[in-house]
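Examination of the molecular architecture
This is what each chain is made of:
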Amino acid sequence: DKAPLSKSLLLVPSAISILLTLLFQHYQKFFAYNLQAVKEDFQIWRLVCGRTICLDLKDTFCSSLLIYNFRIFERRYGSRKFSSFLLGAWMLSALFDLLLVEITQYIFGITINSLPSGFLGPVFALFVPFYSSIPRVQVTQVLGHFSITNKSLVYILGLQLLTSGSYIWILALSGLISGICYNSSILKVHRILCVPRWVAKIFSWTLEPVFSSTEPTSEVRVGMGATVDIQRQQRMELLDRQIMMSQVAQMRRQRQQQGGMINWNRLFPPLRHRHNANYQDHHPSEQGIPPPTEVSEEQVARLMEMGFSRGDALEALRASNNDLNVATNFLLQH
């Protein structure tokens, strides 16, 4: 949804790559990224065909998964700005490919006649904004020391793509350099290599209706998170809050029937053990229960001024780790 360009880059090159591999193998020579033919025979068209369609299905699969993950930039910045980045990175990486091949031949004496085909330069260039602008959210830990985050899978896919060919490191390096150059405010490349508005409007009228998708109706909009991970985190927090509110309502009904004070410590443990805004379940033993949190008398007085009893105010603040907003929210709504 809201990423028609990413969808077209995911479907069209992948379909052509599969057709060339399975049915039209005799046409693969036209999509080979042959640098010798570009330099000696001036076959400039190979810079377009050879740098668009993958001839290796492993590269097709990995690059498609990466494009699927990088669709977040099109949702954040819009199709025109996203296409401008891809165009700029594609043109810059073509230049850096030729330079790196010449440098490799001059320093190491290695002659490279061809490079792996595909839309690989812009894909590696997208790792630059992915590293700098996408927040890192810890998901879990392996062996207690190695953190698994929401970005780990993307880096693993990039490493898999990097090790799939002998000279693909040249494409990766040229892509990273082009991504840094395009994002740099010093070189001002983004002002020169950009898609004009009239071109963006033409593609918006012609191709966007073909590749656009309807907005999912099964999911409820939550917040205004800039990324999918933030929106998912907000949705988890909302569900967590709804569950605790229903538990509080149930305990208040029991209190009205039986009398006594609500056992807030049974309802709020997740608030004390939340790390990096991720919900984790903890079931400490009775011996490992931490001592009660000291409550600020000033916050107790503020809650009592709202009309709550001192006992409920103490228990709510102690259970919410002196978070006045959380304690007030639950006391007001239940």
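All figures in this text were calculated on a predicted structure; none of them were measured in a lab.

Some words on a nonpolar patch on the surface
- Side chains of Ile18, Leu19, Leu22, Leu23, Phe24, Tyr27, Phe30, Trp45 and Leu57 sit close together on the surface and give an oily, nonpolar patch of about 850 Å² of accessible area.
- Residue contributions to the nonpolar patch peak at 3 residues, all from helix H1 (residues 4–22).
- The residue Ile18 is located in helix H1 in this model.
- We classify Ile18 as partly exposed; its relative accessible area is 40%.

Side note on the UniProt feature "transmembrane region" (unreviewed entry) in the protein
- Here the UniProt feature "transmembrane region" (unreviewed entry) sits at residues 6–24, 85–108, 114–132 and 153–177.
- Helix makes up 89% of residues 6–24 and strand makes up 0%, while its end C-alpha atoms are separated by 25 Å.
- The span residues 85–108 shows a helical share of 100% and a strand share of 0%, and its end C-alpha atoms are spaced 32 Å apart.

With respect to the pattern of salt bridges
- For the structure shown, the criterion picks out 4 salt bridges.
- Residues Asp56 and Lys58 are paired through a salt bridge, measuring 3.2 Å at the closest nitrogen-oxygen approach.
- Accessibility expressed as a relative area gives 26% for Asp56, which makes it partly exposed.
- With a relative accessible area of 48%, Lys58 lands in the partly exposed category.

Comments concerning the nonpolar core
- Leu66, Phe70, Phe73 and Leu115 are the most contacted members of the largest nonpolar core, which has 43 residues in total.
- Elements with a contribution of two residues or more to this core: helix H2 (35–40), helix H4 (57–69), helix H5 (71–77), helix H6 (79–108), helix H7 (120–125), helix H8 (127–133), helix H9 (152–162) and helix H10 (168–183).
- Looking at which element gives the most residues to this core, the answer is H6, with 9 residues.
- Setting aside residues no more than four positions away along its own chain, Phe70 makes contact with Phe82, Val123, Leu126, Phe127, Phe130 and Val154.
- Formed by 11 residues, the second largest nonpolar core is a distinct cluster that contains Val300, Leu303, Ala316 and Leu324.

A closer look at the packing of H4 against H9
- One can describe the packing of H4 onto H9 by two numbers: an axis separation of 10 Å at closest approach and a directional angle of 150 degrees. By the criterion of interaxial angle, the relationship of H4 to H9 is roughly antiparallel. Where H4 crosses over H9, the two elements pack in a sense that is left-handed. Of H9, the residues touching H4 (which contributes Asp59, Cys62, Leu65, Leu66 and Asn69) are Val154, Leu157, Gly158, Gln160 and Leu161.

Observations concerning H10
- Given a rise of 1.5 Å per residue, 16 residues ought to cover 22 Å, and the 23 Å separating the end C-alpha atoms of H10 matches this to within 8%.
- Among all positions in H10, only Ile168, Ile170, Leu171, Ala172, Ser174, Gly175, Ser178, Gly179, Cys181 and Tyr182 are buried.

Some thoughts on the environment of Pro196
- Along the chain, the position of Pro196 falls in the loop between helix H11 (189–192) and helix H12 (197–206).
- Separated by 112 residues in sequence, Pro196 and Ser84 place their C-alpha atoms 8.7 Å apart.

Considering unusual backbone geometry
- Backbone geometry at Phe42 places phi at a positive 55 degrees, although glycine is not the residue there.
- By the element assignment, Phe42 lies in the loop between H2 and helix H3 (46–49).

Here's the deal with H4
- Here H4 contains 13 residues, and its C-alpha end-to-end distance of 18 Å stays within 8% of the 18 Å for a straight helix at 1.5 Å per residue.
- Where H4 is concerned, the buried positions are Asp59, Thr60, Cys62, Ser63, Ser64, Leu66 and Ile67.
- Its buried side turned inward, H4 meets H1, H5, H7, H8, H9 and H10.
- The N-cap residue of H4 is Asp56: its side-chain oxygen and the backbone nitrogen of Lys58 are 3.1 Å apart.

As for the packing of aromatic side chains
- Counted under the stated rule, the structure contains 10 aromatic pairs.
- For the ring pair Phe85 and Tyr182, a centre distance of 5.3 Å and an interplane angle of 85 degrees mean the geometry is edge-to-face. Here Tyr182 lies in helix H10 and Phe85 lies in helix H6, a separation of 97 residues in the sequence.
- Counting every residue linked through ring pairs, the aromatic cluster contains Phe70, Phe73, Tyr77, Phe124, Phe127, Phe130 and Tyr155.
- Residue placement shows Arg71 over the ring face of Tyr68; its charged tip is 3.9 Å from the ring centre.
- The lysine or arginine in question, Lys81, covers the ring of Tyr77, its NZ or CZ lying 4.7 Å from the ring centre.

What counts, and at which threshold
Residues numbered from 1 in each chain as written. Predicted model: local features only at pLDDT ≥ 70, side-chain atom pairs only at ≥ 80, totals over all residues. Heavy atoms only, no water. Patch = residues over 30% accessible without salt bridge, like charges linked within 9 Å, V, L, I, M, F, W, Y side chains within 5 Å. Areas by Shrake-Rupley, 256 points an atom, 1.4 Å probe, with all protein chains shown as cover. Salt bridge = Lys/Arg side-chain N within 4 Å of Asp/Glu carboxyl O. Helix = DSSP H or I, 4+ residues; strand = E, 2+ residues; numbered from the N terminus. Buried < 20%, exposed > 50% of the residue type's maximum accessible area, 1.4 Å probe, protein only. UniProt positions renumbered as here; feature names shortened; annotations may be inferred. Core = buried A, V, L, I, M, F, W, Y, C linked by side-chain atoms within 4.5 Å. Contact = heavy atoms within 4.5 Å. Axes fitted to C-alpha atoms, helices over the stretch in contact; angles between N-to-C directions. Parallel < 35°, antiparallel > 145°, perpendicular 65-115°, else oblique. Left-handed = near helix turned anticlockwise from the far one by under 90°. Expected span 1.5 Å × (residues − 1). Polar contact = N/O pair within 3.5 Å; in protein donor to acceptor, adjacent residues only side chain to side chain. Phe/Tyr/Trp six-rings, centres within 6.5 Å; stacked < 30°, edge-to-face > 60°. Lys NZ or Arg CZ within 6 Å of the ring centre and 35° of its normal.

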